[in-house]
Amino acid sequence: MVELSRDRAHVHKILDCLQHDFLESRQGNKKGGLLGFGSVAVGCGSEIQHFLDRLLPPVLKCCDDEDQRVKYHACEALYNMVKVADDLVLPYFNKVFDGLLKLYADIETDAKHGAMIVNKVLKEIVTSHGNRFGTVEFVPLFADSLRYHNPGIRQLLLEWLNTLLSVPEAQIVTYVPQYLE
């Protein structure tokens, strides 16, 4: 048990280094930092739940970066995190979905394609673990997102509406009045 907490402390130090020296660097090292964050996620494996609070926010922030390559690498890192975390990512769903909204609105095809891959995995997770999906928390974000006229965002919203309609546990129909207002 002592080794496990020591290992976790070591992972936190690695994340601190990656965030400070790469993601927050002015020297254009964000892509390397994102690759590092994605690799740490894969390396954490089943222990990832102890690090999602540290892994997700900096990567999601990079989804809104000016550099298209940074956005693409953010998608790759996000994919690794979501794939490894599986249903453990559901408590962070709204934050991840908000990042996807930004990427789907992007005119750059690489960033949008990366977001589509993350979205596919996220839909698989929600479909498999619908009883753990926070519909109540998601509906206000979904309803607010309907105000965007961007075709990419509209596509994402329609995909999610269709997905949630196929997940009986989500009971999305119950909330129709909220997102049609």
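See the structure above.
What you see is a predicted model; the values in this text were computed from it and never measured.

Asker: For this particular structure, what's the right way to read the overall build of the protein?
Answerer: What the protein contains, in helices and strands, is nine helices and zero strands. Along the protein, helices (α) and strands (β) appear in the sequence α-α-α-α-α-α-α-α-α when read from the amino end. Taken against the 2.2 N^0.38 rule, which gives 16 Å for 181 residues, the C-alpha radius of gyration of the protein at 17 Å falls within 12% of a compact globule. Every one of the 181 residues in the protein was classed for burial, and the buried ones make up 43%. Across the protein, the fraction of contacts at a sequence separation of at least 24, relative to all contacts at a separation of at least 6, is 70%.

Asker: Any chance you could explain the packing of aromatic side chains here in plain terms?
Answerer: Two descriptors summarise a pair of aromatic rings, namely the distance from one centre to the other and the angle between the planes of the rings. Throughout the structure, instances matching the rule amount to nine aromatic pairs. Aromatic pair Phe97 and Phe138: ring centres 5.0 Å apart, planes at 90 degrees, arrangement edge-to-face. With Phe97 in helix H5 (residues 93-104) and Phe138 in helix H7 (residues 135-145), the pair connects residues that are 41 residues apart, well separated along the chain. What makes Phe138 buried here is its relative accessible area of 0%. Taking 5.7 Å as the distance between ring centres and 55 degrees as the angle between the ring planes, the aromatic pair formed by Phe138 and Phe142 counts as tilted. In this pair, Phe138 and Phe142 are both assigned in helix H7, four residues apart and thus about one turn of the helix distant. Comparing Phe138 with Phe142, the two get one shared label, buried. Each residue in the set Phe93, Phe97, Phe133, Phe138, Phe142 and Trp160 is aromatic and connected to the rest through ring pairs, giving one cluster.

Asker: What am I meant to see in unusual backbone geometry here?
Answerer: Despite not being glycine, Asp86 shows a phi value in the positive range, around 50 degrees. Turning to its location among the elements, Asp86 is positioned in the loop between helix H4 (68-85) and H5. Of note in the backbone geometry, Gln171 takes a positive phi value of approximately 50 degrees without being a glycine. With respect to the secondary-structure elements, Gln171 resides in the loop between helix H8 (151-165) and helix H9 (176-180). Taking the relative accessible area as the measure of exposure, Gln171 reaches 48% and is therefore partly exposed.

Asker: Would you explain the state of the cysteines in this entry?
Answerer: Two cysteines, two sulfur atoms, one covalent bond between them: this is a disulfide. This structure, assessed with the given rule, holds zero disulfides. This cysteine, Cys44, is not joined by any disulfide, and Cys17 carries the nearest cysteine sulfur, 15 Å off. With relative accessibility at 11%, the residue Cys44 sits in the buried group. Unpaired in this structure, Cys63 has its nearest cysteine sulfur neighbour in Cys75, at a distance of 5.6 Å. The buried category is assigned to Cys63, whose relative accessible area is 1%.

Asker: Just to check I follow, could you spell out H4 for this structure?
Answerer: Along an α-helix, residues three or four positions apart point the same way, because every turn accommodates 3.6 residues. Over its 18 residues, H4 runs 25 Å from end to end, which matches the ideal 26 Å to within 8%, given 1.5 Å per residue. Those residues of H4 that fall on the buried side of the exposure criterion are Val70, Lys71, His73, Ala74, Cys75, Ala77, Leu78, Met81, Val82 and Ala85. Its side-chain oxygen 2.8 Å from the backbone nitrogen of Arg69, Asp67 forms the N-cap of H4. Asp86, located one to two residues past H4, shows a positive phi value of around 50 degrees.

Rules used in this analysis
Residues numbered from 1 in each chain as written. Predicted model: local features only at pLDDT ≥ 70, side-chain atom pairs only at ≥ 80, totals over all residues. Heavy atoms only, no water. Helix = DSSP H or I, 4+ residues; strand = E, 2+ residues; numbered from the N terminus. Rg over C-alpha atoms; globule rule 2.2 N^0.38 Å. Buried < 20%, exposed > 50% of the residue type's maximum accessible area, 1.4 Å probe, protein only. Contact = heavy atoms within 4.5 Å. Phe/Tyr/Trp six-rings, centres within 6.5 Å; stacked < 30°, edge-to-face > 60°. Disulfide = S-S within 2.5 Å. Expected span 1.5 Å × (residues − 1). Polar contact = N/O pair within 3.5 Å; in protein donor to acceptor, adjacent residues only side chain to side chain.

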